[in-house]
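Coordinates in review
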Amino acid sequence: MTQILMPALSPTMTEGKLARWLKKEGETIKAGDVIAEIETDKATMEVEAVDEGTLTAILVPEGTEGVSVNTPIAELNGGATAAKAAPAAAPAPAPVAAPAPASVPAQPRAAVAEKDWGPTKSITVREALRDAMAVEMRASKDVFLIGEEVGQYQGAYKISQGLLDEFGPKRVIDMPITEHGFTGMAVGAAMTGLRPIVEFMTFNFSMQAIDQIINSAAKTLYMSGGQLGCPIVFRGANGAASRVAAQHSQCYASWYAHCPGLKVVAPWSAADAKGLLRAAIRDPNPVIFLENEILYGQSFEMPVADDFILPIGKAKVEREGTDVTIVAFSIMVGLAMQAADALAAQGISAEVINLRSLRPLDTETIVRSVKKTNRLVTLEEGWPFAGIGSEVAMQIMENCFDDLDAPPVRVHGLDIPMPYAANLEKLALPRIEQVIDAAKRVTYK
Amino acid sequence: MAETATRKPRGKGAPKGAEPGISKPELTRAYRDMLLIRRFEEKAGQLYGMGLIGGFCHLYIGQEAVVVGMQLCLKPGDQVITSYRDHGHMLATGMEARGVMAELTGRIGGYSKGKGGSMHMFSREKGFYGGHGIVGAQVSLGAGLAFANWYREDGAVAVTYFGEGASNQGQVYESLNLAALFKLPCIFVIENNKYGMGTSVDRASASKDLSKNGSPWGIPGEQVNGMDVIAVREAGERAVAHCRAGNGPYLLEMKTYRYRGHSMSDPAKYRTREEVQKMREQNDCIETARRLLIEQFGVTEAELKVIDDEVKAIVQDSADFAQTSPEPDESELWTDVLIDDASVVAGGR
């Protein structure tokens, strides 16, 4: 007897919905037969049988949501050894490097009083991003979404799910694979006062269009003496996903944060995602909005208030502490929070700062924290050379050197192209032990 | 008769001495605008030689008929965007010579407060969207202007100029595809002046007929004598009508010629003096228009002198202004990097 396991249909899938069985118990199955349909957070995929035999038992009825990858979903009699159903076109599941499991809400304990937005609900980052776009598109006809697969496909990562239905094809516009061209086109449209949201399937592809982003979007206001602004948002998944190798695993935070004329935002939680994306769409300047694929499916508590919005340029103290300041952004905030828990168990009180915004950088909040803890650890997924951590450390040198009791330490991705092999990829990304070690180094413990 | 608009075609088959396809007021305006650009550029060249203008300075001398002829076809609300050889386009769209010249000298009175320079001036009011220094980038941006017209359904047309050198850039073809795909009201105007900097079109482009460069996407194209303002105007009318009717983009290859180097620092060793001289003597757009005004429309030398004097005065005034307008204050270093809009988070727009 062979068990058929729930397959992973994308590099970051951790669970999915068993939408439909196409075979009944007792039916004979040949290798290659489509046996079931599975909905992931991105798409509906067909599952093909690898083995031959008789379907003796369906263990997970159709319609079941939240079936974890590798859960047995059926039993097959007559099969030999292979156990897993093959996804139609996807690699086997990979262990995700650092983030909290999708099912565990990773909401922070609010440490510093932000504006109280009242009641909250649990929502995924994906839904938060979609809601932010929908709200702003309802508010202004000038706002529209363009990118590859944003419309009929409902988003390569399903961020734009439902938007085509609500807003129609003139405001949710599928683009051919032509980043340089459509980015330039969107920038031109923004120069007339429209407010495009450009989705890059991932920011890796933004390199095709980076001339238009820097030379046209970021600089024209200055070059025109203030006449021609460019109210545009470039958003999409940034950084490593999982097992997609060097060309698809890169953090662009430092690249874009380097450039005056841009704002650069990197949300972590669902609240960050919604509040900051709303602000980005309303902003009269070009905003780079760096999302993270692994975070898309994670749930966080988020205010339900209709007018919830967060200012660009303000960091958030996610957790208060007294011994060391850990500065992180995007998915690394989650790792910093986990490290802070572990450090607390060892008697070290870590303060975690979620930068939220990389340009402008909220130096004031970081300095205030370091003046209290006298120690700094920076944490980022990207490369160390001229990275965000380097900039944060230098800001501390310039602003409160005398408050430091130890040289700052950077924790970062290794200075190499991202390897594909599972073990190497894990080693190339920041790990919790490194954060703990860094905190101990700066606290001399 | 001469005062009424005549739109007779001036194709190859038109008999010699046939009535020109343009009215007297239109040709008079075209003559005046071309002359203004010519004199302005000559003055800019002088000021550059005197060290009053720095950096890059790409003169439009020789190509005036292209932008002036096209401008005759446009309405308020239409947009124009071009590359770095842009002074002529600014003047043709009605931007003030003073503001353009003062930008060239890097003064506060310039269109960009002295922060953009020769290649970066804009006037939303006149529908002029630059002035772009990255070769080919303005083509995608121009498709974006047309996209905005398509999105707003406002009936406006975007004219996107680029050189035959830029026509080899990848994003130009991406933009042609996008424009055709969405039927954007975009007129792509290739100003083929035969040389992309020092590389002749024969050495740069495998395509010998650039007007066909949009054909894979079904974009109609025409080769036009870009030294003849009337031919340009006629082709422009066809292109504008096509775009306004919602038929999508149109491509015009203007066969033109620049008399000066690529920029002020170009010795132009890649072509002979004779080649330039021949073009000037036989095909100059301003001389052709002048002759036509006299011979076909009975304009007198005295009437032309009034125009010449007016143009001369405008250019001299611009040069004076460009030298007396102060340099930007040091505080301008930090302005216009970002728009500060506190209402964003306050809930306003």
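Chain B goes by Pyruvate dehydrogenase E1 component subunit alpha in an unreviewed UniProt entry, where it is assigned to Falsiroseomonas stagni DSM 19981. Turning to chain B, the UniProt record has this under Cofactor (unreviewed entry): "thiamine diphosphate". Recorded under Subunit (unreviewed entry), the UniProt text for chain B is reproduced unchanged: "Heterodimer of an alpha and a beta chain."

Chain A carries the name Pyruvate dehydrogenase E1 component subunit beta in an unreviewed UniProt entry, which gives Falsiroseomonas stagni DSM 19981 as its organism. Chain A has a UniProt comment under Subunit (unreviewed entry) that states "Heterodimer of an alpha and a beta chain." Listed in UniProt under the heading Catalytic activity (unreviewed entry), the comment for chain A reads: "N(6)-[(R)-lipoyl]-L-lysyl-[protein] + pyruvate + H(+) = N(6)-[(R)-S(8)-acetyldihydrolipoyl]-L-lysyl-[protein] + CO2".

**With respect to the overall build of chain B**
The number of helices and strands found in chain B is 12 helices and 7 strands. With respect to the three principal axes, the spread of C-alpha positions in chain B is 65 × 50 × 45 Å. Sorting the 349 residues of chain B into buried and exposed places 53% on the buried side.

**Considering the sheet that holds strand β1 (residues 79–81) of chain B**
All names here are of chain B. Spatially, 5 strands are ordered β1-β2-β3-β7-β6 in an open sheet, and the strand pairing comes out parallel. Every interior strand has two partners, whereas the edge strands, β1 and β6 (221–225), have only one. The sheet shows a mean angle of 20 degrees between the axes of neighbouring strands, taken without regard to direction. Strand direction decides the pairing type here: β6 and strand β7 (residues 250–255), joined by 5 bridges, are parallel. Bridge assignment links Val224 to a residue of β7, and that residue is Met254. Its contacts with the sheet place helix α5 (residues 137–152) against β1, β2 (158–163) and β3 (186–192), and it is angled at close to 170 degrees to β2. Across the sheet, helix α8 (residues 229–244) touches β3, β6 and β7, and the angle it forms with β7 is around 170 degrees.

**Focus: the nonpolar core**
All names here are of chain A. With 218 residues, the main nonpolar core has Ile326, Ala336 and Ala439 as its most contacted residues. No fewer than three residues from each of domain 2 (120–303) and domain 3 (316–442) sit in this core. Ignoring sequence-local partners within four residues, the contact set of Ala336 consists of Ile326, Ala328, Val352, Leu379 and Val435. Grouped together as the second largest cluster of nonpolar side chains are 18 residues, Ala8, Ile38, Val47 and Ile73 included.

**Here's the deal with the pairing of strand β5 (residues 44–48) of chain A**
Working note: regular strand, side chains alternate between the two faces of the sheet. Residues and elements named next belong to chain A. Residues Met45 and Val47 line the buried face of β5, whereas the alternating positions Thr44, Glu46 and Glu48 sit on a face that is not buried. Relative to β5, strand β4 (residues 34–39) runs antiparallel, the two sharing 5 bridges. Pairing of Glu37 across the sheet is with Glu46, part of β5.

**What about unusual backbone geometry?**
A cis amide bond, omega 0 degrees, links Arg359(A) with the succeeding residue Pro360(A). When you line up the elements, Pro360(A) lands in the loop between β21 (357–359) and α9 (363–373). Omega for the peptide link from Gly130(B) to Gly131(B) comes to 25 degrees, which places this bond in the cis form. Relative to the helices and strands, Gly131(B) is located in the loop between α4 (97–104) and α5. With a phi angle near 65 degrees, Asn374(A) is a residue other than glycine that sits in the positive phi range. Residue placement: Asn374(A) occurs in the loop between α9 and β22 (376–379).

Reading guide: rules and limits
Residues numbered from 1 in each chain as written. Chains lettered and ligands numbered in written order. Predicted model: local features only at pLDDT ≥ 70, side-chain atom pairs only at ≥ 80, totals over all residues. UniProt positions renumbered as here; feature names shortened; annotations may be inferred. Helix = DSSP H or I, 4+ residues; strand = E, 2+ residues; numbered from the N terminus. Buried ≥ 20, exposed ≤ 12 C-beta atoms within 10 Å, placed from the backbone. Pairing = 2+ DSSP bridges. Axes fitted to C-alpha atoms, helices over the stretch in contact; angles between N-to-C directions. Contact = placed C-beta atoms within 7 Å. Core = buried A, V, L, I, M, F, W, Y, C linked by C-beta atoms within 7 Å. Domains from an automatic or database assignment.

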